[in-house]
Amino acid sequence: MSNSSSITEFLLLPFADIRELQLLHFALFLGIYLAALLGNGLILTAIACDHRLHTPMYFFLLNLALLDLGCISTTLPKAMANSLHDTRAISYAGCAAQVFLFPFLMSSDYSLLTIMAYDRYVAICKPLHYGSLLGSRACAQMAAAAWGSGVLYALLHTANTFSLPLCRGNAVDQFFCEIPQILKISCSHSYLRSFWVLVIGACLASTCFVFILFSYVQIFRAVLRMPSEQGRHKAFSTCLPHLFVVSLFISTALFAYLKPPSISSPSLNLLMAVLYSVMPPTLNPLIYSMRNRELKWSIRKVISWMLLNSDKFPLFFQK
């Protein structure tokens, strides 16, 4: 029987036990990680340097790209290092960092997606009030609220999780330290102490989901009433990418956490964890730039500059 005070490291679930497969997983996830870094980095650079993208929608998208970079950087590098070096170990401090950072970034991400739904709702349903409702100060306050609420939520979860005595070993049934998996190795009588924290999280998530759902019901009603086909196309081109991202985020997370125990297995848990922690940060840049001409054009300008190796990058977008 282990005690949390005597645990100095945790053992993560490996992707494979065969050395060749471990190296294959390392190469695969390295490619995914570099793609996520490149995609989100291009979005950050394009929005920061193109003054035409200095609008509320792109400001929130910039914040989303930052959160996505943080989210994938919290889980994947350690998993890749373990596959490369054929080990399962993560230090106690490293595990605590993942337990804090992952819910912080994911909850902030979800809050920001809710704010982005509100942005699209105001832009389409109340266009005359867009400037007053979503001024620069209001946008900064909403973004700060998303980040701040994520910090508070993660602190609450982390403090509660590591206050529980661990008496079922130090093997975590996931490729990164995740709160549900840490709770599984806590003492059974202590597990109930985390229930109220999970209830708070479920209530907040449900509130955000209802708000997003309500926003898009109103948006689609307004779009379908537009007399111009060009106006409907433009409205859908800005809303559909966000809707795809929200759907990807919610569907993978819901299935991962609410799937029946009868179909649960280590392999399926690994697959679902990859889907909700790795794929959204990787696919979000592609989803947002696919139907957005302004963003696509700015990203092309960034890539062109990178290929030409210009020395006047800040002036590039003003040409």
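Look a little higher up for the structure.
Throughout, residues of each chain are indexed from 1 in the direction in which the sequence is written. For a predicted model such as this one, the threshold for reporting local features is a pLDDT of at least 70, and the threshold for listing and counting side-chain atom pairs is 80 or more; totals across whole chains, interfaces and linings nevertheless cover every residue. Side-chain numbers here rest on the full set of heavy atoms in the structure, without hydrogens or water.

**Things to note about the environment of L13**
Then, number 1: Here L13 lies in the loop between β1 (9-11) and α1 (19-49).
Then, number 2: L13 sits in the buried class, given a relative accessible area of 16%.
Then, number 3: Between the alpha carbons of L13 and L270 there is a distance of 8.3 Å; along the sequence they are 257 residues apart.
Then, number 4: Contacts are assigned to residue pairs with any non-hydrogen atoms lying within 4.5 Å of each other. Beyond its immediate chain neighbours, meaning those up to four positions away, L13 contacts V172, D173, Q174, F175, P266 and L270. Strands here mean DSSP runs of E at least two residues long; helices mean DSSP runs of H or I at least four residues long; both are numbered from the N terminus. Relative accessible area decides the class of each residue, using a 1.4 Å probe on protein chains only: under 20% of the type maximum gives buried, over 50% gives exposed, and in between gives partly exposed.

**Brief notes about the packing of α1 against helix α11 (residues 279-290)**
Then, number 1: Interaxial distance between α1 and α11 falls to 8 Å at its minimum, and their mutual angle equals 40°. Between α1 and α11, the angle is such that the two are oblique. In the crossing of α1 with α11, the sense of the turn from one axis to the other is left-handed. Taken together, the residues of α11 that come into contact with α1 (itself represented by I32, A35, A36, G39, N40 and I43) are P281, T282 and P285.
Then, number 2: When grouped by side-chain class, the residues that make up the contact of α1 with α11 number 6 nonpolar, 3 polar and no charged. Interaxial angles span 0 to 180 degrees and are taken between N-to-C directions of axes, which are lines fitted to C-alpha atoms, for helices over the stretch in contact. Should an angle fall under 35 degrees it is called roughly parallel, over 145 degrees roughly antiparallel, and 65 to 115 degrees roughly perpendicular, with every other angle called oblique. The sense of a crossing depends on the near helix, which, turned anticlockwise from the far helix by less than a right angle, makes the crossing left-handed and, turned clockwise, makes it right-handed. Residues are grouped as follows: Ala, Val, Leu, Ile, Met, Phe, Trp, Tyr, Cys and Pro are nonpolar; Asp, Glu, Lys and Arg are charged; every other residue, Gly included, is polar.

**Points about the pattern of salt bridges**
Then, number 1: A side-chain nitrogen of Lys or Arg and a carboxyl oxygen of Asp or Glu constitute a salt bridge if their distance falls within 4 Å. This structure, assessed with the given rule, holds 2 salt bridges.
Then, number 2: The salt bridge partner of R52 is D50, with a shortest N-O separation of 3.3 Å.
Then, number 3: Take R52: its relative accessible area is 43%, and that puts it in the partly exposed class.
Then, number 4: With relative accessibility at 1%, the residue D50 sits in the buried group.
Then, number 5: Measuring nitrogen to oxygen at the nearest pair gives 2.9 Å for the salt bridge that ties D119 to R120.

**Some details on the nonpolar core**
Then, number 1: Judged by nonpolar contacts, the single largest core of 69 residues is most densely connected at L61, L76, F175 and L295.
Then, number 2: Excluding anything up to four places from it in sequence, L76 contacts F29, I32, Y33, F175 and V278.
Then, number 3: Among buried residues, those of type Ala, Val, Leu, Ile, Met, Phe, Trp, Tyr and Cys that are joined through side-chain atoms within 4.5 Å constitute a nonpolar core. Among the nonpolar cores identified, the runner-up in size contains 15 residues, and V99, F162, L164 and L183 belong to it.

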